[in-house]
Amino acid sequence: MALNQVFSNPSQVLQRNESLFTGKSILVAGNIDDSYPINLERIASSSCFCFNDFRYYDKLKDKLTSSDVHFTADYQGKENQDKFDLLLIYIPKAKTEIEYLLANLTPHLKENADIILVGEKKCGIKSVATLLTPYSNHSNAIDSARHCSVIYAQLSKPVAIFNQQQWIKDYQLNINDISLTIRSLPGVFSFGELDKGSELLLNNLPEELSGQGLDFGCGAGVLSCYLLKKHQQLQLDLIDVNVYALESAKLTLEINALQANVFASDVFSNVNKEYDLLLSNPPFHSGQKTNYDAAEEFISKSVNFLKKKGKLTIVANKFLRYEPLLTVTYKKFFEDAQNNKFKVLSCLK
């Protein structure tokens, strides 16, 4: 993925307010999706960035030469590290994730530190001020432009020690005589419940599977844990760009006493072998935007990561037209199942 050199609308609004960051130690997190952190690094006295998206972390980690840079679902800080003057959160779409970030990061702020939330109106920036109530007596919008707002508050209330365990949401999966506990953190696709697309896919997989498989866009690990429980001879790798998904997948594997290799990868960027099975409920959102690039890249490059006679199987919303791309890549595809909203498609190498 090429790094977007054009700043997003939230970053452009922040540019108008750079005096807020000048000379301060800043902690930045949330839906960072451009190269504006490089500007922030230049104007702050010190900076720490917590990325939730591996794509932007991977592109920026070596460019933020004087910053503390993390790809983490649970920022811990450093021993004897001074606390920060300011917390900036690019708001994600899910309010539960904003609440999670505030709970995780405010313990690392100085008394009376600044808290700034920035985001687009379509993602609910106007209503997020209420989420600051546990941390501040007052908050207000200090700027609004390009369909975005900047919300400012000052930390004025005691902050509890963060405990990630309190934010994990469990649900039970019982399907085809397989029982699992699924664990997920805020910010994960289909947080706390089985999505209907994955359910259709799980009900239409082959009865016999073996060898090595890759779960692309693994989310909380639902597909992989089901396969590992049913087909104990399988060896699976799980990849995602979302740090909360990767953490959730590890938690789900652990609670079900299952083993797999979980790692971050921008589509196939960190994948270096071939598989007998490629499996996915492909993502078609990037942060707050609809974006098919990752799914299309996955399909178009998948044949290079399949062994001879290897199989690709995906589930997708019926309105998504992946069939032409599958036909170009594999010459032929099969529709294994469909209902009124989803379809399961597969190809053989």
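Could you clarify how one ought to interpret the pairing of strand E5 (residues 109–120) in this entry?
Regular strands have side chains that alternate between both faces of the sheet. Across the 12 residues of E5, 9 count as buried, placing the element largely inside the fold. Sheet topology places strand E4 (residues 84–90) next to E5; 6 bridges connect them, and they run parallel. Bridge pairing in E5 links phenylalanine 84 to leucine 109. After leaving E4, the chain enters helix H4 (residues 95–105) and then returns to the sheet as E5, a path that is right-handed. With 7 bridges joining them, E5 and strand E7 (residues 148–154) adopt antiparallel strand pairing. Its bridge partner being in E7, isoleucine 116 is matched across the sheet by tyrosine 152.

Can you help me understand the pattern of salt bridges in this one?
Side-chain pairing between opposite charges can occur once the charged atoms of the two side chains come close. Counted under the stated rule, the structure contains 14 salt bridges. With a closest N to O distance of 3.6 Å, lysine 78 and aspartate 68 form a salt bridge. Here lysine 78 is found in the loop between strand E3 (68–71) and E4, whereas its partner aspartate 68 is found in strand E3, with 10 residues between them in sequence. We classify lysine 78 as exposed; its relative accessible area is 51%. For aspartate 68, a relative accessible area of 15% translates into the label buried. The salt bridge partner of arginine 321 is glutamate 323, with a shortest N-O separation of 3.7 Å. Judged by its relative accessible area of 57%, arginine 321 is exposed. Connected through shared salt-bridge partners, Arg321, Glu323 and Lys343 make up one network.

Any chance you could explain the pairing of strand E10 (residues 212–216) here in plain terms?
Of all 5 residues that make up E10, 5 are buried, and the element is covered over most of its length. Every second residue of E10 is oriented toward a common face, with Gln212, Leu214 and Phe216 on one face and Gly213 and Asp215 on the other, all of them buried. Two elements, E10 and strand E11 (residues 235–240), share 5 bridges in a ladder whose sense is parallel. Looking at the pairing, glycine 213 lines up with leucine 236 of E11. Between the parallel elements E10 and E11, the chain passes through helix H6 (residues 222–230) in a crossover that is right-handed. As paired elements, E10 and strand E13 (residues 275–280) share 4 bridges and run parallel to each other.

What should I look at first to understand the nonpolar core in this one?
The nonpolar side chains of soluble globular proteins are, as a tendency, buried together. Core analysis: the largest hydrophobic core is formed by 99 residues, its most contacted members being Phe21, Phe51, Leu88, Leu102, Ile115, Leu117 and Leu227. Once residues lying within four places of it in the same chain are set aside, the contact partners of leucine 227 are Leu205, Leu209, Leu234, Leu236, Leu277 and Leu279. The next biggest cluster of nonpolar side chains, apart from the first, holds 24 residues, and it includes Phe268, Leu278, Ile299 and Leu320.

Got a minute to help me understand empty space enclosed by the protein in this structure?
Gaps between atoms show up when a probe of the same size as a water molecule is rolled over them. Evaluated as defined, the whole model comprises 2 cavities of 30 Å³ or more. In this model, the largest cavity occupies a volume close to 70 Å³. Residue lining of the largest cavity: 15 residues in total, with Ala29, Cys50, Thr72, Leu101 and Tyr244 positioned closest to the centre. Put simply, the parts of the chain that give the lining of the largest cavity at least two residues each are strand E1 (25–30), strand E2 (46–51) and H4. Of all the elements, H4 adds the most residues to the lining of the largest cavity, at 5 residues.

Could you clarify how one ought to interpret the packing of aromatic side chains in this entry?
Centre distance and the angle of the planes are the two values used to describe a pair of aromatic rings. One pass over the full model with this rule turns up 12 aromatic pairs. On the basis of an interplanar angle of 70° and a centroid distance of 5.6 Å, the ring pair of phenylalanine 54 and phenylalanine 71 is categorised as edge-to-face. With phenylalanine 54 in helix H3 (residues 54–60) and phenylalanine 71 in strand E3, this pair connects stretches of sequence that are 17 residues apart. Arranged with centres 4.1 Å apart and planes meeting at 5°, the rings of phenylalanine 268 and phenylalanine 305 form a pair that is stacked. On the criterion of sequence distance, the pair formed by phenylalanine 268 in the loop between strand E12 (261–264) and E13 and phenylalanine 305 in the loop between helix H8 (293–302) and strand E16 (306–317) is long-range, its members being 37 residues apart. Residues phenylalanine 268 and phenylalanine 305 agree in their burial class; the two are buried. Here the aromatic residues Phe49, Phe51, Phe54, Tyr57 and Phe71 are joined through ring pairs into a cluster of three or more.

Help me out: how do you make sense of unusual backbone geometry in this one?
Backbone geometry follows two general trends: most residues other than glycine have a negative phi, and most peptide bonds adopt the trans configuration. Even without being a glycine, asparagine 112 presents a positive backbone phi close to 65°. Residue classification places asparagine 112 among the partly exposed positions, given a relative accessible area of 40%. The residue lysine 331 is not glycine, and still its phi comes out positive at about 75°. Exposure remark for lysine 331: the relative accessible area of 68% places this residue in the exposed category.

I keep staring at the sheet that holds E2 and nothing clicks. Help me out?
Sheet strands pair by backbone hydrogen bonding; their relative direction is either parallel or antiparallel. Taken in spatial order, the 7 strands line up as E3-E2-E1-E4-E5-E7-E6 in an open sheet, and their pairing is mixed. Of all strands in the sheet, those bounded by a partner on one side alone are E3 and strand E6 (139–145). Averaged over all adjacent pairs, the angle separating strand axes in this sheet is 15°, with direction ignored. Bridge analysis of E1 against E4 gives 5 bridges, and the strand direction is parallel. If you follow leucine 27 over to E4, its bridge partner there is leucine 87.

Rules and cut-offs
- Residues numbered from 1 in each chain as written.
- Predicted model: local features only at pLDDT ≥ 70, side-chain atom pairs only at ≥ 80, totals over all residues.
- Heavy atoms only, no water.
- Buried < 20%, exposed > 50% of the residue type's maximum accessible area, 1.4 Å probe, protein only.
- Helix = DSSP H or I, 4+ residues; strand = E, 2+ residues; numbered from the N terminus.
- Pairing = 2+ DSSP bridges.
- Right-handed = clockwise from strand over helix to strand, strands pointing away.
- Salt bridge = Lys/Arg side-chain N within 4 Å of Asp/Glu carboxyl O.
- Core = buried A, V, L, I, M, F, W, Y, C linked by side-chain atoms within 4.5 Å.
- Contact = heavy atoms within 4.5 Å.
- 1 Å grid on protein atoms, 1.4 Å probe; cavity = no way out; pocket = protein on both sides within 12 Å on 5 of 7 lines; lining within 4 Å.
- Points joined across faces, edges and corners; volume = space filled by probe spheres on them.
- Phe/Tyr/Trp six-rings, centres within 6.5 Å; stacked < 30°, edge-to-face > 60°.
- Axes fitted to C-alpha atoms, helices over the stretch in contact; angles between N-to-C directions.

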